[in-house]
Amino acid sequence: MTTAPTLAVLGGGFSDDPDTLLDDFVLAATGRPRPKVCFLPTASGDAPGYVEKFHTAFAERDCETSHLELFRRTVTDLRAFVLAQDVLYVGGGNTANMLAVWRLHGLDAVLREAYAAGVLLCGISAGACCWFESAFSDSFGPPAPLADGLGLLPGSLCPHYDTEPLRRPGYREAVKNAALPAGWAVDDGAAGLFSAGRLVDVVTRTPGATLHRVSRGPDGTVHEVPEEARLLGG
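Residues numbered from 1 in each chain as written. Predicted model: local features only at pLDDT ≥ 70, side-chain atom pairs only at ≥ 80, totals over all residues. Heavy atoms only, no water.

Trainee: Before we go on, may I ask you to explain the sheet that holds strand β14 (residues 230-231) in this structure?
Mentor: Strands sit in the order β3-β2-β4-β5-β1-β10-β11-β14 across an open sheet of 8 strands; the sheet is mixed. Every other strand in the sheet has two partners, leaving β3 (64-67) and β14 as the edge strands with one partner each. Relative to strand β5 (residues 120-124), strand β1 (residues 6-10) is paired through 4 bridges, and the arrangement is parallel. Each residue of the ladder has a partner; that of Leu7, found in β5, is Leu121. Against the sheet, helix α1 (residues 21-29) engages β1, β2 (36-40), β4 (87-90), β5, β10 (190-195), β11 (198-204) and β14, with an angle of about 15° to β10. (Pairing = 2+ DSSP bridges. Helix = DSSP H or I, 4+ residues; strand = E, 2+ residues; numbered from the N terminus. Contact = heavy atoms within 4.5 Å. Axes fitted to C-alpha atoms, helices over the stretch in contact; angles between N-to-C directions.)

And the structure:
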């Protein structure tokens, strides 16, 4: 597994994309020849179809797959199960509900331990938002600030930045009004890799898609800086 606390923020993957580029990026980041990848579908209510889609998508890849359900929980020792993985891949859905369920089962503490131990954490949408202090989330309807993340990375995150019309203006306004701290916005098709809390790589399967650093200046002006992204499969 990775040696430093490592986290990948995904703007795509098996659930959305017609190719495997972003997921292959995650597998390669582990540095393992055959990594163990565990899917956490909590945000979808452990939707069976989502779980099946994960296993189907990764079946032909050089990895070992598993999944962890909490609505129909069968794993008794969460700590042992989670720490045995190389990748914890969190799916999309309702961020607020997912975080609440994680805390009820004590999984939040286990995920913190896994992160410190070098298990690569990643996810899309809700599965990307959860790792930050806060997020621009549609957990309660239209996208709005949600200050309830695990805080493994500082600041806030906004997913679907370039594809959902309410995301970009709403997130910028939330940062401007200090309803959310400065943070990152990820376009669909892009991904960012953080190591020891620092952004070390940005990739994209879609030309023009990237990760944006969004901050607020002393005068209240919102600054948005796009990161240079490597084009995958090009």
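From this point, the narrative continues.
Trainee: So what exactly am I meant to see when it comes to unusual backbone geometry here?
Mentor: Excluding glycine, most residues fall at negative phi; most peptide bonds, likewise, are trans. A positive phi angle, near 60°, is found at Ser125, a position not held by glycine. Within the chain, Ala178 stands out as a residue other than glycine whose phi angle is a positive 60°. Following the sequence through the fold, Ala178 ends up in the loop between α7 (167-176) and β9 (183-186).

Trainee: I tried to follow the packing of aromatic side chains on my own but got confused; where do I start?
Mentor: For any pair of aromatic rings, the description rests on two quantities: the centre-to-centre distance and the angle between the ring planes. All told, the structure shown has 16 aromatic pairs when counted by the stated rule. Taking the centre distance of 5.4 Å and the plane angle of 85° together, the rings of Phe14 and Phe39 count as edge-to-face. You can see Phe14 sitting in the loop between β1 and α1 and its partner Phe39 sitting in strand β2, a full 25 residues away along the chain. Like Phe14, the residue Phe39 is buried in the burial classification. (Phe/Tyr/Trp six-rings, centres within 6.5 Å; stacked < 30°, edge-to-face > 60°. Buried < 20%, exposed > 50% of the residue type's maximum accessible area, 1.4 Å probe, protein only.)

Trainee: Quick question: what am I supposed to make of the nonpolar core here?
Mentor: Taken as a class, soluble globular proteins show a tendency for nonpolar side chains to be buried jointly. Residues Leu40, Leu68, Leu88, Trp102, Leu107 and Trp131 are the most contacted members of the largest nonpolar core, which totals 42 residues. Looking at this core, the element that brings in the most residues is helix α5 (residues 107-117), giving 5 residues. Setting aside anything within four residues of it in sequence, one finds Leu40 in contact with Leu68, Leu88, Tyr89, Val90, Gly91, Trp102, Leu107 and Leu111. Ranked by size, the runner-up nonpolar core spans 22 residues in total, among them Leu27, Leu120, Cys122 and Leu232. (Core = buried A, V, L, I, M, F, W, Y, C linked by side-chain atoms within 4.5 Å.)

Trainee: Is there a simple way to think about the pattern of salt bridges in this case?
Mentor: Opposite charge on two side chains permits them to pair, given that their charged atoms come into close proximity. Within this structure, the stated rule accounts for 14 salt bridges. The salt bridge involving Arg34 is made with Asp62; its shortest N-O contact spans 2.9 Å. You can see Arg34 sitting in the loop between α1 and β2 and its partner Asp62 sitting in the loop between α2 (48-58) and β3, a full 28 residues away along the chain. The partly exposed category is assigned to Arg34, whose relative accessible area is 42%. Its relative accessible area of 48% is what places Asp62 among the partly exposed residues. Here Asp138 ties to Arg167 by a salt bridge, and the two come within 3.5 Å at their closest N and O atoms. With Asp138 in the loop between β6 (132-137) and β7 (144-146) and Arg167 in helix α7, this pair connects stretches of sequence that are 29 residues apart. Residue class for Arg167 comes out buried when judged on its relative accessible area of 1%. Within the structure, one salt-bridge network assembled from shared partners comprises Asp17, Asp19 and Arg205. (Salt bridge = Lys/Arg side-chain N within 4 Å of Asp/Glu carboxyl O.)

Trainee: Please clarify how the pairing of β6 should be interpreted in this entry.
Mentor: Moving residue by residue along a regular strand, the side chains alternate between the two faces of the sheet. Buried residues dominate β6, accounting for 5 of its 6 residues. Pairing analysis gives 3 bridges linking β6 to strand β8 (residues 153-158), with the strands arranged parallel. The residue of β8 that forms the bridge with Ser134 is Ser156. Sheet topology places β6 next to β7; 3 bridges connect them, and they run antiparallel. When the sheet's bridge partners are listed, Ser137 is paired in β7 with Ala144. Joining the antiparallel neighbours β6 and β7 is a turn of 6 residues, in which Gly141 adopts a positive phi near 130°.

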